[in-house]
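# Survey of secondary and tertiary structure
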Amino acid sequence: MKSCIVFFLLFYFNITFSQTITQTIKGVIVDKQSQTPLPGVVVQILNSNPLLGGATNEKGEFKITNVPIGRWQIKFNTTSYKEKYITVILNAGKESVTNIELEESVIQGQEVVITAEQDKTKTNNKMSTVSSRIFSAEEAARYAGSRNDPARMAANFAGVSGANDSRNDIIIRGNSPTGILWRLNGLDIPNPNHFGNAGSTGGPISILNNNTLDNSDFMSGAFAADYGNATAGVFDLKMRQGNNEKFEFLGQVGFNGFELGAEGPLFKNKNASFMVNYRYSTLSIFKALNIDFGVGNAIPQYQDATFKTDFNTKKIGKFSFWGIGGLSYIALLESDKKVGKDLYGYSARDTYFRSNVGASGITHTYLFNNNAYLKTNIGISGQYNNILADRIDTAFKTPKNLKPEYRQKTQNIRYSFNTTYNKKFNARNFINGGVYAEVYNTLFVDSVDNLFGYNTFRTLRKYSGVKGFLRGFAQWQHKFTDNLLLNIGISNQFFMLNNSNAVEPRVGLKYSINNKQSISLGWGLHSQLQPIYIYFASDTVFGKRVETNRNLDFTRAVHGVIAYDNSFTNNFRLKTEIYYQYIYNAPVKNYPNYFSALNLGADFNSPNVTNLVSKGTGFNYGLEITLEKFYSKGYYFLFTSSLFESKYKGSDNIERNTAFNGNFVFNFLGGKEVKIGQKHTLSLDFRAIYAGGKHYVPIDLQKSIAANDEIKNGVDAYKFQYSNYFRLDVKPSYKFNSKKITHEFSVDIQNITHNQNVFQQTYDITNQVIKTDYQLRFFVLPQYRILF
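Let us look at the structure shown here. Keep in mind it's a predicted model, so treat the numbers as computed, not measured.

### Digging into the overall build of the protein
Helix and strand content of the protein: six helices and 45 strands. Projected onto the principal axes, the alpha-carbon positions of the protein cover approximately 80 × 75 × 45 Å. Considering the protein as a whole, with its 788 residues, one finds that 59% of them fall into the buried category. Taking the contacts inside the protein whose residues are at least 6 apart along the sequence as the reference set, 66% of them involve residues at least 24 apart. Element-wise, carbon and sulfur atoms account for 59% of the exposed surface of the protein, whose accessible area totals about 32,100 Å². If you average the places of the 85 positive and of the 62 negative side-chain charges in the protein, the two averages end up 3 Å apart.

Quick look at the structure:
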């Protein structure tokens with residue numbers, strides 16, 4: 001009997017660890033500038049034995065079968081194009097579909113070797129010169145503390161501060177998070193987060209589904225002319241294409257919800273594919289496990305869906321139809337709050353918050369026969385918010401001592417159209433230009449009752465109407481040699497509500513000292529609309545409600561960047577950037593006051609700030625250092641440091657810190673992967689962040705007691721700073737590949753040291769004291785994913 005058991009165990013061990021599981025790597029290779037398919041490109045899987053590879057056909061397609069699962073480095077090369085390397089992770093439950101863009105060399109007739117394994121500065125955008133980086137969905141899933149969220153993942157990059165456990169707002173180089181532009185599949189979209197307030201760009205949980213994203217771009221300054229209406233940074237996201245040959249499925253459960261996904265071919269001729277994912281909130285389960293996420297006993301409810309279809313035709317080009325959408329609701333009740341752990345609610349108030357957001361579009365790409373193509377996007381997006389707040393006071397003598405205090409209903413529907421013509425003349429010269437047109441159908445109504453009498457509600461904002469936003473741009477890229485590149489462009493945008501107009505020149509220059517080192521310069525003028533709710537703030541003038549901010553100009557910023565990049569080895573890179581930004585035309589009060597719109601986004605609300613003029617200024621400057629080892633030999637690490645200053649002047653002409661002037665951010669993250677046979681992989685990832693605290697406006701306790709509400713001390717606005725922020729996260733993971741199924745288990749343990757990071761100070765109306773709320777002390781996020 002014992003010998004039978006031993007024989008069975010040995011047989012099982014041999015099958016488990018010796019059986020070779022294979023999968024397929026495929027994709028399409030095109031010219032980066034013209035998007036023309038490239039036939040004859042040699043594709044090699046390095047270090048495979050025997051050597052695996054192939055070449056692209058006349059459509060630029062390649063397919064390599066029977067590749068053992070695991071992490072592989074792939075090399076692409078062909079005559080007159082720069083060699084390129086990428087790394088793919090091949091799982092048993094999913095084929096790897098990789099679309100590659102190769103850059104033509106100015107030096108014709110030979111292969112040009114690029115030493116870096118995967119140059120993160122080579123973005124999808126062809127005109128980016130400085131302060132830009134490409135990132136993959138795999139990075140957002142791998143990094144500890146990222147919660148599968150691209151915004152939280154980007155908080156690890158140089159120049160970015162994300163020292164906020166409650167939301168994923170991105171603070172870039174001391175700028176307000178409202179200065180961010182979100183773009184998805186070529187369309188500018190509203191805040192893609194659950195529980196996002198009107199005018200905000202962040203939220204607690206992202207609607208963006210990491211399982212559906214392709215390699216995307218993140219930019220932190222001096223961006224190219226095809227980006228407008230942004231002063232801080234850009235997320236240019238792309239959804240991947242579904243598998244056009246094979247049906248594949250996904251199941252996942254974790255912090256972001258229960259998730260089901262499917263993709264595959266739409267027709268038998270393989271010219272069309274689909275991809276669809278749906279998620280539903282799991283936070284009720286986390287709450288039952290006594291996991292605290294900053295809302296007391298309240299349970300956030302949300303769900304979202306994502307889809308994309310792609311159609312390739314022989315004569316009229318390629319079509320894509322896509323969409324994302326999310327619904328969210330939470331009731332923040334005074335009775336549900338926990339002392340010192342209230343990250344969202346307000347003192348002595350019951351608040352009910354509903355947020356719906358969505359975007360959908362059609363993309364058409366048509367290739368001409370002369371190295372040119374036209375890309376056109378048509379879409380619709382929108383955001384809806386409904387907020388009800390009731391005040392609690394024992395003096396009311398009403399049921400539950402409640403009286404209505406605040407009501408808000410906002411809806412902004414955006415109809416979008418843009419088209420861009422791209423033309424590659426030769427290896428040296430490339431141009432593109434396009435037009436953007438957007439129509440906003442906006443409803444914004446809110447009112448407040450501070451007197452709590454009979455019929456004493458007071459209207460704050462009441463607007464319903466249609467307005468337009470137009471933009472056009474043109475760019476030229478010229479390569480003097482393979483070592484010297486110039487990008488120049490110009491953008492113009494026009495807001496039809498008040499006829500604001502901005503002309504924005506941009507320029508970038510990059511000189512490659514050799515194959516490993518380069519110096520880059522970037523300069524540009526950037527401008528942005530105010531948050532929509534700002535335009536419609538109203539005040540009483542001679543007995544009538546007047547929209548005092550309607551004629552505000554764009555906020556404008558001049559960006560200047562100098563960058564140095566050194567790839568010491570194929571997998572090791574150092575990058576430094578020095579930048580300066582001058583900001584002007586920021587909204588400030590029309591009388592001496594500390595207020596500036598440059599501090600919007602520091603809180604959750606959409607304040608009714610009236611009597612504003614476009615006369616505020618500010619500046620940001622700093623030094624950023626990135627030291628990165630790309631994944632190789634089983635491990636990776638990324639160290640980023642940012643030293644910066646961020647100041648502003650309100651209408652009182654006093655120079656102050658902005659709310660976001662933390663002065664420094666240090667990030668260090670990394671991970672180690674150990675393979676046990678072919679089927680089993682153990683991983684351990686970690687992340688540490690140390691950042692300067694947020695500046696704040698202190699509370700005047702005596703005035704707050706007298707007013708029975710929170711009153712700020714504007715004299716000392718942003719003079720004081722919360723204590724520095726520190727957090728350490730670890731994420732152990734295990735992956736098991738069977739013949740056709742991949743199982744992945746992970747536990748993201750955040751703030752493992754239980755460090756008490758200050759979140760905010762608020763006035764406690766009930767106890768008449770200033771209370772301090774702390775960020776998440778300890779947060780455990782288990783996750784399971786299956787691919788088949």
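### Examining the pairing of strand 28 (residues 500-512)
Covered by surrounding structure in strand 28 are Ser500, Ala502, Glu504, Arg506, Gly508, Lys510 and Ser512 only, the residues Asn501, Val503, Pro505, Val507, Leu509 and Tyr511 on the alternate face being uncovered. Sheet analysis places strand 27 (residues 484-495) next to strand 28, joined by twelve bridges and oriented antiparallel. For Leu485, the partnering residue across the bridge sits in strand 28 and is Lys510. In textbook terms, the turn of a hairpin is the stretch between consecutive antiparallel strands, and for strand 27 and strand 28 this stretch comprises four residues, one of which, Asn499, has a positive phi near 65 degrees. Sheet topology places strand 28 next to strand 29 (residues 517-528); seven bridges connect them, and they run antiparallel.

### Section: the sheet that holds strand 7 (residues 96-102)
In spatial order, the strands read 4-1-7; together these three strands make up an open sheet with mixed pairing. Strands at the two margins of the open sheet, each flanked by one partner only, are strand 4 (61-68) and strand 7. Taken over all neighbouring pairs, the strand axes of this sheet differ in orientation by 25 degrees on average, direction set aside. Sheet analysis places strand 1 (residues 22-31) next to strand 4, joined by six bridges and oriented antiparallel. Of the residues in strand 4, the one forming a bridge with Gly27 is Phe62.

### Considerations on the pattern of salt bridges
Per the stated rule, a full pass over the model turns up 42 salt bridges. One salt bridge in this structure joins Arg173 and Glu577, with 2.7 Å as the shortest N-O distance. Taken together, the positions of Arg173 in the loop between strand 10 (171-172) and strand 11 (180-184) and Glu577 in strand 33 (residues 572-589) put the pair 404 residues apart, joining distant regions of the chain. Of the two residues examined, Arg173 and Glu577, each falls in the buried class. Across the salt bridge formed by Lys647 and Glu645, the nearest N and O atoms sit 3.8 Å from each other. By sharing partners, the salt bridges in this structure join Arg133, Glu139, Asp565, Arg573 and Glu628 into a single network.

### Re the packing of aromatic side chains
This model, assessed by the stated rule, comprises 33 aromatic pairs. Their ring planes at 5 degrees and their centres at 4.4 Å tell us that Trp182 and Phe235 sit as a pair that is stacked. Of this pair, Trp182 sits in strand 11 while Phe235 sits in strand 16 (residues 233-237); the two residues are 53 residues apart in sequence, bridging distant segments of the chain. For the ring pair Phe469 and Phe554, a centre distance of 6.5 Å and an interplane angle of 65 degrees mean the geometry is edge-to-face. Remark: Phe554 occurs in the loop between strand 31 (544-547) and strand 32 (555-569) and Phe469 occurs in strand 26 (residues 458-481); sequence separation between them is 85 residues. The class for Phe469 is buried, based on a relative accessible area of 4%. An aromatic cluster of at least three residues, connected via ring pairs, comprises Phe568, Phe572, Phe637, Phe639, Phe668 and Phe686. The ring of Tyr631 carries Arg71 above its face, with NZ or CZ at 3.5 Å from the centroid.

### Observations regarding the side chain of Arg279
Here Arg279 shows up in strand 19 (residues 272-280). Since its relative accessible area comes to 3%, Arg279 is described here as buried. Within polar-contact distance, the side chain of Arg279 engages the backbone oxygen of Ser206 at 3.0 Å. Setting aside residues up to four positions removed in sequence, Arg279 forms contacts with Ser206, Ile207, Leu208, Asn209, Asn256, Phe258, Glu259, Gln303 and Asp304.

### What about a nonpolar patch on the surface?
Taken together, Phe480, Leu509, Tyr511, Ile513, Ile519, Leu521, Ile562, Ile578, Leu623 and Leu643 make up a surface patch of nonpolar side chains, about 840 Å² in accessible area. Taken together, the elements giving at least two residues each to the nonpolar patch come down to strand 28 and strand 29. Here Ile562 lies in strand 32. Under the relative-accessibility criterion, Ile562 is labelled partly exposed at 49%.

### Thoughts on the environment of Ile285
The topology assignment puts Ile285 in helix 4 (residues 283-288). Along the sequence, Ile285 and Gly257 sit 28 residues apart, while their C-alpha atoms lie 9.9 Å from each other.

### A look at the nonpolar core
In this structure, Phe157, Ile170, Trp182, Leu184, Phe218 and Phe235 are the most contacted members of the largest nonpolar core, which totals 32 residues. Looking at this core, the elements that each hand over two or more residues are helix 2 (137-142), helix 3 (150-154), strand 11, strand 16, strand 21 (318-332) and strand 35 (635-649). Discounting chain neighbours no more than four positions away, the residues touching Leu184 are Ile189, Leu208, Leu237, Lys238, Met239, Trp322 and Ile324. Listed in part, the 21 residues of the second largest apolar core include Ala198, Leu529, Ile532 and Tyr535.

### Structural notes on unusual backbone geometry
The linkage connecting Asn49 with the following residue, Pro50, adopts the cis geometry, with an omega of 0 degrees. Along the chain, the position of Pro50 falls in the loop between strand 2 (42-45) and strand 3 (52-55). The residue Ser131 is not glycine, and still its phi comes out positive at about 50 degrees. Mapped onto the fold, Ser131 is located in the loop between strand 7 and strand 8 (132-135).

### Quick look at the sheet that holds strand 12 (residues 187-188)
Strands sit in the order 8-15-16-11-12 across an open sheet of five strands; the sheet is mixed. Two strands lie at the open edges of the sheet, namely strand 8 and strand 12, each paired on one side alone. Relative to strand 12, strand 11 runs antiparallel, the two being bridged by two bridges. Of the residues in strand 12, the one forming a bridge with Leu184 is Leu187.

Criteria and thresholds
Residues numbered from 1 in each chain as written. Predicted model: local features only at pLDDT ≥ 70, side-chain atom pairs only at ≥ 80, totals over all residues. Heavy atoms only, no water. Helix = DSSP H or I, 4+ residues; strand = E, 2+ residues; numbered from the N terminus. Buried < 20%, exposed > 50% of the residue type's maximum accessible area, 1.4 Å probe, protein only. Contact = heavy atoms within 4.5 Å. Areas by Shrake-Rupley, 256 points an atom, 1.4 Å probe, with all protein chains shown as cover. Lys, Arg positive; Asp, Glu negative; His and termini not counted. Charge placed at Lys NZ, Arg CZ, Asp CG, Glu CD. Pairing = 2+ DSSP bridges. Axes fitted to C-alpha atoms, helices over the stretch in contact; angles between N-to-C directions. Salt bridge = Lys/Arg side-chain N within 4 Å of Asp/Glu carboxyl O. Phe/Tyr/Trp six-rings, centres within 6.5 Å; stacked < 30°, edge-to-face > 60°. Lys NZ or Arg CZ within 6 Å of the ring centre and 35° of its normal. Polar contact = N/O pair within 3.5 Å; in protein donor to acceptor, adjacent residues only side chain to side chain. Patch = residues over 30% accessible without salt bridge, like charges linked within 9 Å, V, L, I, M, F, W, Y side chains within 5 Å. Core = buried A, V, L, I, M, F, W, Y, C linked by side-chain atoms within 4.5 Å.

Shape is all these values report; function is a separate question.
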